Amino acid sequence: MSEQTQAQIDSIVKNNDVVLFMKGTLNFPQCGFSSGVAQLLQFLQIEAQDVNVLDSDELRQGIKDYSNWPTIPQLYVKGEFVGGFDIVKEMFESGEFYGMLEDKAISYKRPAASE
Amino acid sequence: MSVAQTIKDKLTAALAPSLMELENESQQHAGHYQGELTGETHFALMLVSEAFAGKTRVQRHQMVNQALKEELAGPVHALRMRLLAPDEA
């Protein structure tokens, strides 16, 4: 990965509390897995920055190298890589996702039905 | 050898699983997948291994990704994973 791409990704990840590298956008995801994470963020009303890797081959490859993670989507919270779709889904289902958000002081709205 | 068998063999060698289930989900994705339809593009994996004890979720996925590097770079488009240590299963 070029140093420029690395620096660009690093800057995005560190300057936004919640970042989703995805195929498509939060409002128009173009892959089922990206859509799954995007829907969860929207469901919990989490303010997130989306990065559409389909816009740039360099970003698409660069983000895979950045976290040694071969797939997209990739969710970052407060500069830390949380995981892809499977991990986010597991954490949400077990309730750990809320704990992580609270640890990192990310504002969200817990759905009433899950109380 | 089928892709599924290769995946199982490599994971067995790398992680010595006490339980492994690999499901081929390719049919469910045949409608939207734009690559070559080999019938072995999308899989779901459930694997229990002692090797995952004390490892984070991200680390566990990376262990599987490392073992299946060639497959994930080649014929396999998506692999859903549920990776557990024995005391979590």
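Details of the structure are given in the entry above.
Let me begin by describing the structure that accompanies this report. Every chain's residues receive numbers from 1 upward, in the order its sequence appears when written. In the order they appear in the text, chains get letters beginning with A and ligands get numbers beginning with 1. Given that this is a predicted model, residues contribute local features only at a pLDDT of at least 70 and side-chain atom pairs are listed and counted only at 80 or more, while totals for whole chains, interfaces and linings are drawn from all residues. Water and hydrogen atoms play no part in the side-chain values, which are based on all heavy atoms of the structure.

### Some points on the packing of aromatic side chains
Residue and element names in this part refer to chain A. A pair of aromatic rings is counted whenever rings of Phe, Tyr or Trp (Trp by its six-membered ring) have centres within 6.5 Å, and the orientation is called stacked for planes under 30 degrees apart, edge-to-face for over 60 and tilted otherwise. Applying the stated rule across the entire model yields 8 aromatic pairs over all chains. Judged by centre distance (5.2 Å) and plane angle (40°), the ring pair of Tyr76 and Phe81 falls under tilted. Residue Tyr76 shares its accessibility class with Phe81, and that shared class is buried. Whether a charge sits over a ring depends on NZ of Lys or CZ of Arg being within 6 Å of the ring centre and within 35 degrees of the ring normal. One Lys or Arg, Arg110, reaches over the ring of Tyr98 and ends 4.0 Å from the middle of that ring. Three exposure classes are used, based on accessible area relative to the maximum for each residue type with a 1.4 Å probe and protein chains only: buried under 20%, partly exposed in between, and exposed over 50%.

### Observations concerning the pairing of strand β2 (residues 49–52) of chain A
All names here are of chain A. Pairing geometry for strand β1 (residues 18–22) and β2, over 4 bridges, is parallel. Residue pairing in the sheet places Phe21 in a bridge with Val51 of β2. With the strands aimed away from the viewer, a crossover counts as right-handed if its path from the first strand over the helix to the second runs clockwise. Helix and strand labels come from DSSP, where a helix needs a run of H or I of at least four residues and a strand needs a run of E of at least two; each type is numbered from the N terminus. Once the chain exits β1 it traverses helix α2 (residues 32–43) before rejoining the sheet at β2, and the crossover so formed is right-handed. By this definition, two strands are paired if DSSP reports at least two bridges between them.

### Description of the packing of helix α1 (residues 3–15) of chain B against helix α3 (residues 57–67) of chain B
Each packed pair of helices is defined by two parameters, the angle between the axes and the distance between the axes. All names here are of chain B. Between N-to-C directions, angles cover 0 to 180 degrees, with each direction set by a line fitted to C-alpha atoms, over the stretch in contact for helices. Orientation of α1 relative to α3, taken along the N-to-C sense of each, is 125°, at an axis distance of 9 Å. Classified by the interaxial angle, the pair formed by α1 and α3 is oblique. As α1 packs across α3, the resulting crossing turns out to be right-handed. Here α1 contributes Lys10, Leu11, Ala14 and Leu15 to the contact with α3, which in turn contributes Met63, Val64 and Ala67. For this classification, the nonpolar set comprises Ala, Val, Leu, Ile, Met, Phe, Trp, Tyr, Cys and Pro, the charged set comprises Asp, Glu, Lys and Arg, and every other residue, Gly included, is treated as polar. In the contact of α1 with α3, the residues fall into 6 nonpolar, no polar and 1 charged. Angle categories: roughly parallel below 35 degrees, roughly antiparallel above 145, roughly perpendicular from 65 to 115, and oblique for all the rest. In a left-handed crossing the near helix is turned counterclockwise from the far helix by less than a right angle, and in a right-handed crossing that turn is clockwise. In this description, contact between two residues means that some pair of their heavy atoms is separated by no more than 4.5 Å.

### Concerning the sheet that holds strand β2 (residues 42–48) of chain B
Residue and element names in this part refer to chain B. What the 3 strands build is an open sheet, ordered β1-β2-β3; its pairing is mixed. Where the open sheet ends on each side, the last strands, each with one partner, are β1 (19–24) and β3 (78–84). When the angles between neighbouring strand axes are averaged without regard to direction, this sheet yields 10°. Note: β1 against β2, 6 bridges, orientation antiparallel. Looking at β2, one finds that Met20 is bridged to Leu47. Against the sheet, α3 contacts β2 and β3, and its axis sits at roughly 130° relative to β3.

### Side note on the side chain of A:Thr5
Its place among the elements puts A:Thr5 in helix α1 (residues 3–15). Leave out the neighbours within four places in its chain, and A:Thr5 touches A:Glu58, A:Leu59 and A:Gly62.

### A look at the layout of surface pockets
Computed over the protein atoms alone on a 1 Å grid, cavities are sets of points where a 1.4 Å probe fits but cannot get out and pockets are open sets with protein on both sides within 12 Å along at least five of seven lines; a residue lines them when it has an atom within 4 Å of a point. Grid points are joined across faces, edges and corners, and a volume is the space filled by probe spheres set on the points. In this structure, the largest pocket occupies an estimated 1100 Å³ of space. Where the lining of the largest pocket is concerned, the elements lending two or more residues are α2, α3 (57–66) and α4 (85–94) of chain A together with α3, α4 (69–73) and β3 of chain B. Of the residues that constitute the lining of the largest pocket, the class distribution is 15 nonpolar, 16 polar and 7 charged. In this structure, the second largest pocket occupies an estimated 270 Å³ of space. In this structure, the second largest pocket is lined by 14 residues; those nearest its centre are A:Lys89, B:Leu45, B:Arg80, B:Met81 and B:Arg82. Broken down by secondary-structure element, the contributors of at least two residues to the lining of the second largest pocket are α4 of chain A together with β1, β2 and β3 of chain B. Considered class by class, the residues forming the lining of the second largest pocket number 6 nonpolar, no polar and 8 charged.

None of this, on its own, says anything about what the molecule does.
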